[in-house]
Amino acid sequence: QVQLVESGGGLVQPGGSLRLSCAASGFTFSRLALSWYRQAPGKERELVATITSSRGSTTYADSVKGRFTISRDNAKNTVYLQMNSLKAEDTAVYYCKVIGVTTWGQGTQVTVSS
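Presented here is a report on the structure given in the accompanying data block. Note that the coordinates shown come from a computational prediction; the quantities given were computed from them, not determined experimentally.

### A few points about the overall build of the protein chain
Reasoning step 1: Across its full length, the protein chain holds zero helices and ten strands.
Reasoning step 2: Its helices and strands taken in sequence order, the protein chain reads β-β-β-β-β-β-β-β-β-β from the N to the C terminus.
Reasoning step 3: Dimensions along the principal axes, computed over C-alpha positions, put the protein chain at roughly 40 × 25 × 25 Å.
Reasoning step 4: Within the protein chain, the fraction of its 114 residues that count as buried is 40%.
Reasoning step 5: Considering only residue pairs separated by 6 or more positions, the protein chain has 53% of its internal contacts joining residues 24 or more positions apart.
Reasoning step 6: Entry remark: accessible area of the protein chain is about 6100 Å², with carbon and sulfur atoms responsible for 46%.
Reasoning step 7: A gap of 8 Å separates the mean positions of the 12 positive and 7 negative side-chain charges of the protein chain.

### Remarks on the sheet that holds strand S8 (residues 78-83)
Reasoning step 1: Pairing is antiparallel across the open sheet formed by four strands, whose spatial order is S1-S3-S8-S7. Because the sheet does not close on itself, it has two edges, and the strands there are strand S1 (3-7) and strand S7 (68-73). Within the sheet, the average angular offset between the axes of one strand and its neighbour, ignoring direction, is 15°.
Reasoning step 2: As paired elements, S7 and S8 share six bridges and run antiparallel to each other. The partner of Phe 68 across the bridge, within S8, is Met 83.

Rules behind the numbers
Residues numbered from 1 in each chain as written. Predicted model: local features only at pLDDT ≥ 70, side-chain atom pairs only at ≥ 80, totals over all residues. Heavy atoms only, no water. Helix = DSSP H or I, 4+ residues; strand = E, 2+ residues; numbered from the N terminus. Buried < 20%, exposed > 50% of the residue type's maximum accessible area, 1.4 Å probe, protein only. Contact = heavy atoms within 4.5 Å. Areas by Shrake-Rupley, 256 points an atom, 1.4 Å probe, with all protein chains shown as cover. Lys, Arg positive; Asp, Glu negative; His and termini not counted. Charge placed at Lys NZ, Arg CZ, Asp CG, Glu CD. Pairing = 2+ DSSP bridges. Axes fitted to C-alpha atoms, helices over the stretch in contact; angles between N-to-C directions.

Structure below.
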């Protein structure tokens, strides 16, 4: 059974940084692409970033490009989202997702406020 556990969220001031982690189990981690989504209050869940399973190529939403970096450590079965230069509009619950699998974790709350 696929299990995803997000962590690393919290309260941060505008311009600050956070590093989110997603520990995964129940599948062959190295063979699957992964992504980060976020959902702000009153808004639909949106795709933030994706990383592939082979060379680790990445894609980003325009709203976070240049500020966020997705990476993975296959030995640790973990995917990360490094978030820099955070803005108030980045406030949301962040979720990781395995491409082709519908299971979601509980998410981790990121709040950017002064």
